[in-house]
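# A closer look at the structure
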Amino acid sequence: MAYDRYVAICDPLHYHNILNRKHCLVLASGTWISGSLNSFVITIPATLMSFCQSRTIHQFFCDAKALINISCAGSKDVYIAIYIEILMYGVFPAMFCVTSYTKIIRVILQIKSKEGRKKAFSTCSSHLTVVIMYYMTGLVVYMVPPSEYSDVLEPVSSVLYSVVTPMINPLIYSLRNKDVKSALLRLLGGK
């Protein structure tokens, strides 16, 4: 999405040449392949863990970090896998988004008309909002060190990360639609 917005704003005349059917197929295939690789990177070390105490996961869903909390051996490999995943699926995509949006904002600021800047920024603001929410909740889930509040913080962050962010994603994108805006205002009691 960040790449799509980058091409649409920074190189609009070549949009259809750059994001043609072949390029979109390569991007979609890359996403599927990296998602499959992601599953293998974390699943294989997780299956080698041993559990000697309770097998009850105190979490909203079963992920590697929840398994580490109840394991007695084999968690070192899972931690390594988590850090590899954070690098591959967290840091690199975040750097790509930051780079894209830095270039997009630079181009938007060079637009002469106020209306043009507003229109260009509105096409990116929904995606940027979702990306920020997703990365912030993900950081809390995977990067905050254990503390006395972990039993409360981790499940709440997991729900935000896995349920709330994807659930409000369509709402954020649809707020650009005038009919949705007016219905939401009516619902909230506004004019």
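The next point concerns the nonpolar core. Val 41, Ile 42, Ala 46, Met 49, Ala 64, Leu 67, Ile 68, Val 78, Ala 81, Ile 82 and Ile 86 together form the largest nonpolar core, which totals eleven residues. Where this core is concerned, the elements lending two or more residues are helix 3 (21-47), helix 4 (64-70) and helix 5 (75-110). Ranked by residue count, the leading element in this core is helix 5, at four residues. Leaving out residues up to four positions away in the same chain, Ala 46 has contacts with Leu 67 and Val 78.

At Cys 124, helix 6 (residues 114-143) shows its largest kink, close to 35°. Of the positions making up helix 6, those classed as buried are Ala 120, Thr 123, Cys 124, Ser 126, His 127, Val 130, Val 131, Thr 137, Gly 138 and Val 141. Buried residues along helix 6 sit against helix 1 (2-10), helix 4, helix 5 and helix 7 (150-174).

Let us now look at the side chain of Asp 4. Within the secondary structure, Asp 4 sits in helix 1. A polar atom in the side chain of Asp 4 sits 2.7 Å from the side chain of Arg 5. In terms of polar contacts, Asp 4 uses its side chain to reach the side chain of Tyr 15, at 2.3 Å. In contact with Asp 4, other than residues within four places in its own chain, are Tyr 15 and Leu 19.

Put simply, the chain has an average pLDDT of 80, and 96% of its residues get 70 or more. Per-element averaging of pLDDT across the chain places helix 4 at the bottom with 75 and helix 2 (residues 15-18) at the top with 90.

Attention now goes to the packing of aromatic side chains. This model, assessed by the stated rule, comprises three aromatic pairs. On the numbers, 6.4 Å between centres and 35° between planes, the contact of Tyr 3 with Phe 96 is tilted. One end of the pair, Tyr 3, is in helix 1; the other, Phe 96, is in helix 5, with 93 residues separating them in the sequence. Put simply, the rings of Tyr 3, Tyr 6 and Phe 96 pair up and form one aromatic cluster.

At a minimum axis separation of 10 Å, helix 1 and helix 6 run at an interaxial angle of 175°. In terms of orientation, helix 1 lies roughly antiparallel with respect to helix 6. Between helix 1 and helix 6, the contacting residues are Ala 2, Arg 5 and Ile 9 on the first element and Ala 120, Thr 123, Cys 124 and His 127 on the second. Among the residues making up the contact of helix 1 with helix 6, the classes are represented as four nonpolar, two polar and one charged.

What counts, and at which threshold
Residues numbered from 1 in each chain as written. Predicted model: local features only at pLDDT ≥ 70, side-chain atom pairs only at ≥ 80, totals over all residues. Heavy atoms only, no water. Core = buried A, V, L, I, M, F, W, Y, C linked by side-chain atoms within 4.5 Å. Buried < 20%, exposed > 50% of the residue type's maximum accessible area, 1.4 Å probe, protein only. Helix = DSSP H or I, 4+ residues; strand = E, 2+ residues; numbered from the N terminus. Contact = heavy atoms within 4.5 Å. Bend = angle between axes of the 7 residues up to and from the residue. Polar contact = N/O pair within 3.5 Å; in protein donor to acceptor, adjacent residues only side chain to side chain. pLDDT = per-residue confidence, 0-100. Phe/Tyr/Trp six-rings, centres within 6.5 Å; stacked < 30°, edge-to-face > 60°. Axes fitted to C-alpha atoms, helices over the stretch in contact; angles between N-to-C directions. Parallel < 35°, antiparallel > 145°, perpendicular 65-115°, else oblique. Nonpolar A, V, L, I, M, F, W, Y, C, P; charged D, E, K, R; others polar.

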